[in-house]
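# Report on the structure
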Amino acid sequence: MAEKLDKVDVVVVGSGWAGGIAAAELSKAGYKVVCLERGKERSTKDFVGSKDELRYTKRHELAQDLTKQTMTFRNNVGEDAIPMRKHNGYPIYDEGTGGTSVHWSGWSYRWLPFDFEIRSKIIEKYGEERIPKDMIVQDWGVTYDDMEPYYDKWEKTAGISGEVNPLGPPRSDEYPNPPMKESPAIRLFADATKKLGYHPFRMPAATVSQQYVNPDGETINACVFCAFCSMYGCDFAAKADPIVTVLKTAQKTGNFEIRNNAHVKRILHDGKKATGVLYVDPLTLEEFEQPADLVVSAAFFSGNNRLMMLSGIGEQYNPETGKGVIGKNFTSHYTGIGGNAATAYFEDKKFNTFAGAGALGCVIDDFNGDHIDNTDTDFLHGFNISIFQDGAAAIANNRVPQGTPYWGKEFKEKSVHYAHRYLNIGGMQGTMPYTHNYLDLDPTYKDVYGDPLLRITAKFTDQERNMAKMIAEKCAEIAEEMGADIIDTPPVADDVEMTSSSVNTHAAGGVIMGVDPETSAVNTYSQVWGMENVFVVGGSSFPHFGNSNPTETIGAFAYRAAEGMIKYLKGDGGLLVESKTSKETV
Ligand SMILES: Cc1cc2nc3c(=O)[nH]c(=O)nc-3n(C[C@H](O)[C@H](O)[C@H](O)COP(=O)(O)OP(=O)(O)OC[C@H]3O[C@@H](n4cnc5c(N)ncnc54)[C@H](O)[C@@H]3O)c2cc1C
Ligand code: SF4
């Protein structure tokens, strides 16, 4: 029998950016907030002296323990899904104070106006017949203009250091901090892409370029380019994360408590409204009921989906009938297709790529969204291309040109020769949703508490394969202009298929937003259509994946959701926006 605790105004599940922003805004507004975080307590000082590539990059010490919680994966309905037992290069997600948002790399982009009105814009430009019947792409129900103030707020909280994208959407203000330093590799990429007629700009970075005090009064230090950034916590408090920003802000209000080692198993409800949550302490296995007026699920895409499914909130999506909304529109920036698209080897140039930062880089947006004309492409949406210098850690980065044996004298000679003589150029694809890519509960495999695991059913289509081929082509073109002597582009096979290792931390969907409860689970304030006092915040609400990193958009929607929550609590309840019938045709 679970111990029933005293009621609070708001319970937040998860302490990453999404949960941290909700907690800060609500506690600043005077509400009593408890944040339940399944992982252990940690602070910046826990990261001191932790520059250990084997522990963090290879053994993924900060990532979640897959022996206790994982997901299962299959390509098709009818197949048995298999549990994911190993993190790929980019771990699925993290647990502990600050969540995955602690060991991220800090690439921080706004998505395009095109992304928020994607279906309408595609139809306007190419006609409805251009959208394949199984591509269930839909408008989000908000426009970029609606989101601009929240993007601005996020950038100021996180101290984003950047240079305005010449092809980017309109902005109400510049970045709060100047871009990071320009390395020779970045200069070479910028010069080459300019010569090719593209529009390079410095990667917007949450690895902050100078000491900065954000509007909540939190200090983020200047990055020292230590190069142990992506998959590490920052011991210099120089990477914007929830620990140094929003959780600190929430703590200062006196209205906030973070409870670690609290794994939420269910959102409790009476069918119409939530009454609180049920959680278990993973160390003692004691169970607690935390009553609350409002529940915020901010448990990453997978935790959010699973909580909705396990709690019986909303109708499970059925790929056969197209009915139901929970679990629909799973997307990801799939690893292994369209990622690191060209490795450029130089005989006459050496680069100190061992120095770096998570978000030290340069980008072109010329093929992003509707910047690319899809009339003659064999895919919809687009991709960006970037060069980044995040520290060529010694174990993970031992590049030799294709064809070199992976052992023996030749390997050793070339590995030493090219150690400072190669650069990676990569792309990130916009990912479209399909009827056959979805999430549900696995009928066989369970977690350590006996609850079913989340099951992913997903496969590639020619959309992803064709875009990956064009990314490789464009990256090679840039590498050539940069003067590379050898250019390796991994081939994209016509039948390359998704595996569990394709799924990474950039995963989204399943509790998507929209205007119509028939085709979306939450409204544009992330409020659940059928349960007005539950808000589900994070990448789970994306109806498709834009072609750059997700966290800034997660942060912007978390600010919008928090505004909605405060409006809801101050008012007489009810839905914050009226539902409409969407134009989506499945
Ligand atoms: C190595 C790496 C590099 C990355 N780099 C970038 C980048 O450069 N740019 C970018 O935009 N994104 C990047 N990302 C992705 C980014 O980290 C995520 O988009 C972001 O952290 C998501 O924030 P969130 O608040 O939704 O989830 P999280 O930060 O994961 O927070 C969710 C929290 O919920 C907790 N939780 C889950 N389930 C439960 C439960 N049942 N009960 C209690 N607590 C629960 C988890 O323990 C976790 O702490 C990167 C990720 C990784 C791993
Ligand atoms: S590279 Fe910069 S932001 Fe990243 S961990 Fe090192 S000091 Fe911190």
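Coordinates for the structure precede this section.
The rules we used
- Per chain, the residues get numbers from 1 upward, laid out in the order the sequence is written.
- Each chain gets a letter, beginning with A, and each ligand a number, beginning with 1, in the order they are written.
- For this predicted model, a pLDDT threshold of at least 70 governs which residues receive local features, and a threshold of 80 or more governs which side-chain atom pairs are given and counted, while totals over whole chains, interfaces and linings are taken from all residues.
- Water and hydrogen atoms play no part in the side-chain values, which are based on all heavy atoms of the structure.
- Helix and strand labels come from DSSP, where a helix needs a run of H or I of at least four residues and a strand needs a run of E of at least two; each type is numbered from the N terminus.
- With C-alpha atoms as the basis for the radius of gyration, the globule rule is written as 2.2 Å multiplied by the number of residues raised to the power 0.38.
- The buried label applies to any residue whose accessible area, calculated with a 1.4 Å probe on protein chains only, is under 20% of its type's maximum; exposed applies above 50%, and partly exposed to all values in between.
- By the convention used here, residues are in contact when the closest approach between their heavy atoms is within 4.5 Å.
- Values of accessible area rely on a 1.4 Å probe in the Shrake-Rupley scheme; residue burial ignores everything except the protein chains shown.
- His is not counted, nor are the chain ends; Lys and Arg add positive charge and Asp and Glu add negative charge.
- Where a charge lies is defined by one atom per residue type: Lys uses NZ, Arg uses CZ, Asp uses CG and Glu uses CD.
- Strands pair, by our definition, only if DSSP identifies at least two bridges between them.
- Any two of the Phe, Tyr and Trp rings considered here, Trp counted by its six-membered ring, make a pair once their centres fall within 6.5 Å; the pair's planes then place it as stacked at under 30 degrees, edge-to-face at over 60, or tilted in between.
- Only lysine NZ and arginine CZ atoms are considered, and such an atom sits over a ring when it is within 6 Å of the ring centre and within 35 degrees of the ring normal.
- By convention in these notes, a residue is near a molecule or strand provided one of its non-hydrogen atoms lies within 4 Å of it.
- Polar contacts, as counted here, are pairs of nitrogen or oxygen atoms within 3.5 Å of one another; within protein the pair requires one atom able to donate a hydrogen and one able to accept it, and residues that are adjacent in sequence qualify only if both atoms are side-chain atoms.
- Only Asp, Glu, Lys and Arg are considered charged, only Ala, Val, Leu, Ile, Met, Phe, Trp, Tyr, Cys and Pro nonpolar, and every remaining residue, Gly among them, polar.
- Side-chain atoms within 4.5 Å link the members of a nonpolar core, which is a set of buried Ala, Val, Leu, Ile, Met, Phe, Trp, Tyr and Cys residues.
- Every definition here rests on a 1 Å grid over the protein atoms only: cavities are sets of points where a 1.4 Å probe fits but cannot get out, pockets are open sets enclosed by protein on both sides within 12 Å along at least five of seven lines, and lining residues have some atom within 4 Å of a point.
- Each molecule is checked against the cavity or pocket grid, and it sits inside if more than half of its atoms lie within 2 Å of the grid points.
- Grid points are joined across faces, edges and corners, and a volume is the space filled by probe spheres set on the points.

## Regarding the overall build of the chain
Broken down by element type, the chain carries 11 helices and 22 strands. The C-alpha radius of gyration of the chain comes to 23 Å, within 12% of the 25 Å expected for a compact globule of 586 residues. When each of the 586 residues of the chain is scored for burial, the buried share is 61%. At a minimum sequence separation of 6, the contacts of the chain that also span at least 24 residues come to 76%. Summed over its atoms, the accessible surface of the chain is roughly 22100 Å², and 50% of this surface lies on carbon and sulfur atoms. For the chain, the separation between the mean place of its 59 positive charges and that of its 79 negative charges on side chains is 4 Å.

## With respect to the sheet that holds strand S5 (residues 82-83)
A sheet is described by the order of its strands in space; here 4 strands give the open sequence S5-S4-S19-S18, paired in mixed fashion. Of all the strands in the sheet, just S5 and strand S18 (438-446) have a single pairing partner and so form its edges. Relative to S5, strand S4 (residues 71-74) is paired through 2 bridges, and the arrangement is antiparallel. Each bridged residue has a counterpart across the sheet, and for Thr72 the counterpart in S5 is Pro83.

## Quick word on the packing of aromatic side chains
As enumerated under the stated definition, the model contains 29 aromatic pairs in all. Three or more aromatic residues joined by ring pairs form one cluster here, namely Trp111, Phe116, Trp140, Phe542, Phe545 and Phe557. In this structure, Arg171 is placed above the aromatic ring of Tyr175, and the distance from its NZ or CZ to the ring centre is 4.0 Å.

## Observations regarding the site of ligand 1
For ligand 1, the set of nearby residues contains 37 residues, the closest of which are Glu37, Arg38, Thr100, Ser101 and Thr551. Within the backbone of Trp17, a nitrogen or oxygen atom sits 3.1 Å from an oxygen atom of ligand 1. Val264 is positioned such that a nitrogen or oxygen atom in its backbone is 2.9 Å from a nitrogen atom of ligand 1. Coverage of ligand 1 by the protein chains reaches 99% of its 1000 Å² of free accessible surface. Its residues placed into classes, the shell around ligand 1 shows 16 nonpolar, 17 polar and 4 charged.

## Some details on the nonpolar core
In globular proteins that are soluble, nonpolar side chains generally tend to be buried together. In this structure, Phe116, Phe330 and Met565 are the most contacted members of the largest nonpolar core, which totals 96 residues. Element by element, the count of residues in this core is highest for helix H11 (residues 551-570), at 9 residues. With near-sequence residues (within four places) excluded, Phe330 lies in contact with Phe301, Asn437, Tyr438, Leu439, Ile456, Ala458, Val503, Ala507 and Ala508. Core analysis: the second largest hydrophobic core is formed by 45 residues, Met203, Ala344, Cys475 and Ala479 among them.

## Quick look at the site of ligand 2
Close contacts around ligand 2 come from 14 residues, with Cys223, Cys226, Cys229, Cys234 and Phe236 the closest. Assessed atom by atom at 2 Å from the grid points, ligand 2 resides in the second largest cavity. Broken down by class, the residue content of the shell around ligand 2 amounts to 11 nonpolar, 2 polar and 1 charged.

## Points about empty space enclosed by the protein
Remark: the empty space left among the atoms is shown by a probe the size of a water molecule rolled over them. A full pass over the atoms with the stated rule returns 3 cavities of 30 Å³ or more. As for the largest cavity, its lining consists of 13 residues, and the residues nearest its centre are Arg110, Asn165, Gly168, Pro169 and Tyr175. Classifying every residue of the lining of the largest cavity by side-chain character gives 6 nonpolar, 4 polar and 3 charged. When its volume is computed, the second largest cavity comes out at roughly 110 Å³. Forming the walls of the second largest cavity are 16 residues, and the residues nearest its centre are Cys223, Cys226, Cys229, Cys234 and Phe236. Taken together, the residues that form the lining of the second largest cavity break down as 11 nonpolar, 2 polar and 3 charged.

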